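# Tertiary structure, described
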Amino acid sequence: MTEKNAASVERLLPTPSEWDIGFWEAARQHRLVVQYCTNCKTVRSLPRLMCPVCRSFSFDWLQASGKGRLYSWSTLYRAFHPAYADIPRTIAIVELEDHPCAHLVSTLHMPEGVTEEQLRIGQAVEVFFTDLTDEISLPEFRLTET
Amino acid sequence: MNSIKDRAVIVGIGATEFSACSGRSELRLALEAIMASLDDAGLDPAQVDGLVRFGLAQTNAAEPWIAHNLGLPMVRYWSCVDFGGGAGCALVGQAAMAVATGMANYVVIYRTLNGRSGRRPGTSETMTLYHGQDPSSENYGHPHGLTAPSQMFALIARRRMHEYGMTNEQLGKLAVTIRGYANRNPHAQMHAKPLTLDEYLAAPMLVSPLRKYDMCLQTDGAVAMVVTTPERARDLKQKPVFVKAATQASMAECQGPLQSFSAVSDLMKTPGTLAAAEVYRTAGLGPKDIDVAQLYDCFTPTLMMQLENFGFCSAGEAGRFIEDGHIEPNGSIPINTAGGNLGEAYIHGVNHILEGVRQIRGTSTSQVANAQTCLVTSGLPFPTSALILGGEQG
């Protein structure tokens, strides 16, 4: 599923599925959530249909603080996909502060003038939301300290 | 005995040239490689009754069409192993099981692609081939522009720098060493192109911290091999190469074919350690018993993980292991002796199996003296496979 942005290049959109509709509904409300099993209470690193620990189909969503730390990052200097050609652009893996098993991939938004040379593993980041369509808002992260 | 050990042998190998533009279809390349492997074995094509195909196929070379073109009177076994670069060694496992159980007599394995002149692996075009197979990547990676495998290995490399102190110079030394093997192989794409550490470091940063020479080639070409039982091998031309062990390996965290590590809690936990435990256990061997290894090298940091996961050095020590010269031709464990995905060709590591066969036969361009055991591995850290080849029964 894609969507045309202002530059008329199709950006890749998520397809809410039976195991993560709740994530995208929360994102639409600008809330970051993590999935957990309502039977054994295990928080999952990635949304899925069945609990990998107790095999229950029952799950729900926990509000996350939206704060995290850089687990890794990489800056792209040559575009691979036409919709992500605003290079250099940095993606990161963010470890959530309150649910460390959950790591999210995100574009990393950096303040003006900050380059990847100034990034450090463990640097603090926080979530914000970008409304892509009427249905989809995307959680992304920005640095909170430099 | 519930083991594949010594119940199957590779008796023929064949390959097209490896180039940036084959000028031929993937179907044509596959048929050429298959015929070359049958000629190498001394086998009449009509005897082939099994076909095993590498899954990530951009082609019309599926098993029935290959059988149709080869004129096979009866095919009693076919299979296809999916999920990209982790599949290579599993192809041999499949063929070995077929002949060991008597489900087929002679199984041909093949992999073909115009990966440079046609649809290129690692690009957004190839990404569409995985559609539906990796929902986590599609929902949590792609929307953020994480669309190419090199980006994920770059994230792993950055984390290795933090956890292990890995340096760009160590990645560069690795790239230069593997290129050296390619330079000694007339059939390697990079045969005539030496690489120095200065050139490596001067090359443009593409997806930090990876540069141009950290990345594997893009190749047009095909490879094939023939598997049968040790008994049937006696009537054929070549010294048989024994399958000592073969395994596939994955785990819950590997949730997809390619970007399966996009959000796991430990980037360093890979199915490579599972694969290593299985092949060593079933072969009755350990890392010190391996004379030479062909390790999947889509990117240089991948190769470091391979050395560690398969026990040639401990976790985080691969950089120093390489600096100390262990993977050089006169080192303790020469690797990727035909040049690998980085320097020979990117045939998704199926070319590594052919080089393993050459090492056991004694025909490699960087031959390890009296090589009796060769480990071959497939891609990490996604669902993977591994193989140990040997020169003798027992």
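This text goes with the structure placed above it.
Here we take up the overall build of chain B. Counting its secondary structure elements, chain B contains 14 helices and 11 strands. Projecting the C-alpha coordinates of chain B onto the three principal axes gives extents of approximately 55 × 45 × 40 Å. Residues counted as buried form 66% of the 394 residues belonging to chain B. Sequence separation of 24 or more characterises 78% of the internal contacts of chain B that already satisfy a separation of 6 or more. Carbon and sulfur atoms make up 51% of the accessible area of chain B, which totals about 13,000 Å². Counting 30 positive and 35 negative side-chain charges, chain B places the averaged centre of each group 1 Å from the other.

Let's shift gears to the interface of chain A and chain B. The interface is formed by 40 residues belonging to chain A together with 35 residues belonging to chain B. Looking at the side of chain A facing chain B, the largest losses of area belong to Tyr71(A), Phe80(A) and Val105(A), adding up to 22% of the total buried there. Our count for the contact surface shared by chain A and chain B stands at 1 salt bridge. Its salt-bridge partner being Arg158(B), residue Glu116(A) comes within 3.2 Å of it at the nearest N-O pair. Our count for the contact surface shared by chain A and chain B stands at 17 residue pairs in polar contact (both at pLDDT 80 or more). Among the elements of the structure, strand E2 (10-12), helix H1 (21-28), strand E5 (67-76), strand E6 (89-96), strand E7 (103-109) and strand E9 (137-143) of chain A are those that each provide at least two residues to the side of chain A that touches chain B. With 6 residues, E5(A) is the largest single contributor of residues to the side of chain A that touches chain B.

Residues and elements named next belong to chain B. Scanning the model with the defined rule gives 20 salt bridges over all chains in all. Two residues, Glu-63 and Arg-53, come together in a salt bridge whose shortest N-O distance is 2.9 Å. Remark: Arg-53 occurs in strand E2 (residues 50-54) and Glu-63 occurs in helix H2 (residues 63-70); sequence separation between them is 10 residues. Judged by its relative accessible area of 8%, Glu-63 is buried.

Let's shift gears to the pairing of strand E11 (residues 384-390) of chain B. All names here are of chain B. Burial of E11 is extensive: 7 of the 7 residues sit out of reach of the surface. Of the two faces of E11, both are covered, the one formed by Thr-384, Ala-386, Ile-388 and Gly-390 as well as the one formed by Ser-385, Leu-387 and Leu-389. In this structure, strand E8 (residues 241-249) lies alongside E11, joined through 7 bridges in antiparallel fashion. Each residue of the ladder has a partner; that of Gln-248, found in E11, is Ser-385. Pairing of strand E10 (residues 373-377) with E11, which is carried by 5 bridges, proceeds in the antiparallel orientation. Following the sheet pairing, Val-376 is matched in E11 by Leu-387. Counted along the chain from E10 to the antiparallel partner E11, the turn is 6 residues long.

Reading the values: rules and limits
- Residues numbered from 1 in each chain as written.
- Chains lettered and ligands numbered in written order.
- Predicted model: local features only at pLDDT ≥ 70, side-chain atom pairs only at ≥ 80, totals over all residues.
- Heavy atoms only, no water.
- Helix = DSSP H or I, 4+ residues; strand = E, 2+ residues; numbered from the N terminus.
- Buried < 20%, exposed > 50% of the residue type's maximum accessible area, 1.4 Å probe, protein only.
- Contact = heavy atoms within 4.5 Å.
- Areas by Shrake-Rupley, 256 points an atom, 1.4 Å probe, with all protein chains shown as cover.
- Lys, Arg positive; Asp, Glu negative; His and termini not counted.
- Charge placed at Lys NZ, Arg CZ, Asp CG, Glu CD.
- Buried area = accessible area lost by both parts, 1.4 Å probe.
- Salt bridge = Lys/Arg side-chain N within 4 Å of Asp/Glu carboxyl O.
- Polar contact = N/O pair within 3.5 Å; in protein donor to acceptor, adjacent residues only side chain to side chain.
- Pairing = 2+ DSSP bridges.

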